[in-house]
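Single-letter residue listing:
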Amino acid sequence: MVYSLNILATFEILINFDYATKVSFKHVLYILFFVLGTSTIWAQNTAILKGQLTDNNKPIEGASIAVVGSTKGVTSDKNGYFKLIIPAEKDVMVGITFIGYHSVQEKFNLKTNESFTYNVTLKKSTTTISEFEFQEEKNRGGTMVKIQPNLASGFTSSSGSFEAILKTLPGVSSNNELSSQYSVRGGNYDENLIYVNDIEIFRPFLIRSGQQEGLSFINSDMVESVEFSAGGFDAKYGDKMSSVLDIQYKEPDDFEGSATLSLQGVLFNFGGSSKNHRFTYLNGFRYKTNKYVLQSLDTDGDYRPSFYDVQTYLTYDISEKWEIGFLGNVARNKYYFIPGTRETDFGTINEALQLTVYFDGQEVDQYQTYFGAITNTFRPKANTELKLITSAYRDLEDEKYDIEGGYRIDELERDLSKDNFGDVKYNRGIGTFLDHARNQLDATVFNVEHKGRSIKEKHITHWGVKYQHEFIKDKISEWGIIDSTGYLTPHPSDSVGYTNPEAQANQLLELNYLLKSKVELNSNRYSAYIQRDWRWEKDTVKYTFTLGTRGNYWDLNREFLFSPRGSFSIQPNWKHDYLFRISGGVYYQPPFYREMRFFDGSINKEIKSQRSYQAVLGADHNFKAWNRPFKFVAELYYKHMENVIPYELDNVRIRYYAKNNAKAYAIGSDFKINGEFVKGVESWFSLSVMKTQEDILDDFYYDYYNSDGEKIISGYSVNDIAVDSVRIEPGYIPRPTDQRVNFSLYFQDYLPKLPSLKMHIALYYGMGLPFGPNNKHERYQQTFRMPAYRRVDLGFSYVIKDERKESKNGMLRNLKNAWISVEVFNLLQINNVISYLWVEDVTGRNYAVPNYLTSRQLNVKLHVDF
């Protein structure tokens, strides 16, 4: 078959290193569109069934409409409308189902290209779900929360990523607007699962800061549905300890597209289907440059970031029971930076300091990723679905920099009565540093996976098995040197005081840090899961119960994991609408390459998986205020963690200690209220209170005291001769993600007399994260607190064209929607701190100089749908 051969050819490009690194961007586009072009060789007669679902004249959103025995189905939108493509010129049975309502089945025999309107009023039911329920995971009693994907395109954020909207949800936090990464309930960035069309998505490894990150994998304009869980998720999802994000891409019925143009880049997407609707295609191109935003950072210089990617999602119905799909992505991100100067004020009112750095050199980072996946979906029966998924991911990363900086630390005049208040009073010290790196990483991940589910009258069974092969090749060559006022730190021995220079020891050039390693790693992982969901109703009280387990084996450390998980919910028949749920289980975090690597670049092949026992107790309440719908959600959770691998967090770079030598816990509560605070638009407020700490089992240190009984502090104590010492065992200390309080809101509004003019605001507050000196890798020293993260992003948009209204303008007539927006990033001009630069003088005194994030910036965006 021509189509299959083209798909395999594209897949081969993505997984073959020698070819993939040579293929040009033009060739990739040619191959993808050649596949698309060959789709027109098939033909099948189809018709359109459309209509509206209601209950007492109220629209029903989220109901399932599908051809019985077919792999495809649709859901009704917020107004209850649906449109389903069905075979023509023959009898077709269509099933309509929604939890809490009687299912409807109707037979149709439509003519080719006929469009038939079928409006249905569903009746409430007390029976269990029927076998045609295709959206069973999206029920209210489950652990996943549904997010409206259309909110992402208009969301105001500096990163422009889909994940930005997640940062306003309870339990989710981030103190970096330039990054798409996020922390959930005290976990780090590596503890979050992301799936697109049931395929796990991987991220680059070497990224150090948000400005290098580039594009997230998720293209928000291609998204059909979004579900998210902040913990206690089901066994059918993978082995991570924090969260899961489950995304499905669209399968367009008709030709559609969108384009976005802003100061941050360009997005263009288009999709559609063949005349017989058996073949669908969805393609996206994105180009992003955050040069404009980076110009507001403390370090002046020449920023030349360039990020782009191409995605395609293709499906073809070989028969009514068999569908084949292809998801492909090619991304190339380049970060080029020539630093100039930096001037940062820091310290306190009693000790106001200023760091000035003059740079020389450059940094060039490149991240290239190639991804391809083929999915075969087969439904031998109306209630059975079988999937075979094969995917390959290739990650080529290259990090090069040679940056020299001459710096000076000055004390500022703090006397308000002086004319030179705020100016340099005197110099504390000068120095020079030189950082060098030539790092390369080549990673390949190949998967073969089978997933299935069987829908019965009283339960749904999920199962799956997966094989994953990983090949990683890593080369590290990195070092740094510091020269403080003519003296290197660390300070080597010298000839001062020697009467005979020949008697002195050989002098070596001591580097501040040095990393040299070459690693090649081949390994295989095997995993499987089985899960069953029960839903029933008795005496008008609704129950759900889910029980499942996962197994995982990794041949590198020869470790087998067993992970049982479950959840239970009850919706009592009370006057007010409440639902209560409890979920939890055993969650493992099998180590990937980054967790295995020591600070010196060597690998610990005996490292074990981190283990977490989790319990989540939650409740939600649906109610009306001002005659408009609202929902309040509250959850209380506890995590007990063992075999924990400690780590340090610097910006978005995670560096692990590569040892299972800690235990930890996280406890907290999340609250969210969302609804129509303004009629017709959704807004929400989120509040999270959390505490997470760890106890490193083998850490200790000594406090040294001089003859005066004073504790010796390096660089400060005059009498630094120790005569006594005390051993200190730190015990539990805050984890790097210990953000005690986190509050966020997303609010939308519009002018009543001019509803086309809209406003949306995103506000974030996060209590300061722990930090400390990162050059000695002693976790007990990293217990200071950064200032709180505070940020407000504001956007105004004007709707030029609305698809619900016809336009007489010839240019706008062919557009569905069009709007223009003006966005203000960091409206309050708050200098948020992302990390610290540690500067050491020859006396051993350390200065923590804050690295600030972006200041206030303006962005203009134009978006059209066609």
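Above this text sits the structure in question.
What comes next is a walk through the structure. Keep in mind that what you see is a predicted model, and the values were worked out from it rather than measured. (Residues numbered from 1 in each chain as written. Predicted model: local features only at pLDDT ≥ 70, side-chain atom pairs only at ≥ 80, totals over all residues. Heavy atoms only, no water.)

Moving on: the environment of Thr-783. Tracing the backbone through its elements, the reader meets Thr-783 in the loop between β42 (770-771) and β43 (784-785). Taking the relative accessible area as the measure of exposure, Thr-783 reaches 36% and is therefore partly exposed. Residues Thr-783 and Pro-734, 49 residues apart in the sequence, show an inter-C-alpha distance of 6.6 Å. Look past the residues within four positions of Thr-783 in its chain and what remains in contact with it is Ile-733, Pro-734 and Phe-771. (Helix = DSSP H or I, 4+ residues; strand = E, 2+ residues; numbered from the N terminus. Buried < 20%, exposed > 50% of the residue type's maximum accessible area, 1.4 Å probe, protein only. Contact = heavy atoms within 4.5 Å.)

Before going further, it helps to spend a moment on the sheet that holds strand β3 (residues 64-67). Spatial ordering of the open sheet is given by β4-β3-β6-β7, a layout of 4 strands whose pairing is antiparallel. The open sheet has two edge strands, β4 (73-75) and β7 (104-108), and neither has a second partner. Each neighbouring strand pair of the sheet contributes to a mean axis angle of 20 degrees, computed without reference to strand direction. Relative to β4, β3 runs antiparallel, the two being bridged by 3 bridges. From the neighbouring strand, Ala-66 faces β4, where its bridge partner is Gly-73. (Pairing = 2+ DSSP bridges. Axes fitted to C-alpha atoms, helices over the stretch in contact; angles between N-to-C directions.)

It is worth spelling out the environment of Leu-837 at this point. Its location among the elements puts Leu-837 in strand β46 (residues 833-840). With 14 residues separating them in the primary sequence, Leu-837 and Asn-851 have C-alpha atoms 6.7 Å apart. In this structure, Leu-837 is in contact with Arg-342, Leu-355, Tyr-847, Ala-848, Val-849 and Asn-851, ignoring residues within four places of it in sequence.

So, on to the sheet that holds strand β16 (residues 243-249). On the basis of which strands lie adjacent, the open sheet formed by 5 strands has the order β10-β15-β16-β13-β14 and mixed pairing. Whereas interior strands pair on both sides, the edge strands pair on one side only; in this sheet they are β10 (145-147) and β14 (199-200). In this sheet, β16 lies alongside strand β15 (residues 223-229) in antiparallel orientation, the contact comprising 6 bridges. If you follow Phe-228 over to β16, its bridge partner there is Leu-245.

Considering all chains together, one arrives at 36 salt bridges under this definition. Salt-bridge contacts for Arg-185 lead to Asp-670; the nearest nitrogen and oxygen are separated by 2.8 Å. Of this pair, Arg-185 sits in the loop between β12 (183-184) and β13 (192-196) while Asp-670 sits in strand β35 (residues 662-678), and the two are 485 residues apart along the sequence. For Glu-606, the salt bridge goes to Arg-558, with nearest N and O atoms at 3.5 Å. Of the two residues, Glu-606 is situated in the loop between α5 (593-596) and β31 (610-625) and Arg-558 in the loop between β28 (541-554) and β29 (559-571); the sequence distance between them amounts to 48 residues. For Glu-606, a relative accessible area of 45% puts it in the partly exposed group. When its relative accessible area of 53% is taken as the criterion, Arg-558 is described as exposed. Salt bridges sharing common partners tie together Arg-185, Arg-581, Asp-620, Glu-635 and Asp-670. (Salt bridge = Lys/Arg side-chain N within 4 Å of Asp/Glu carboxyl O.)

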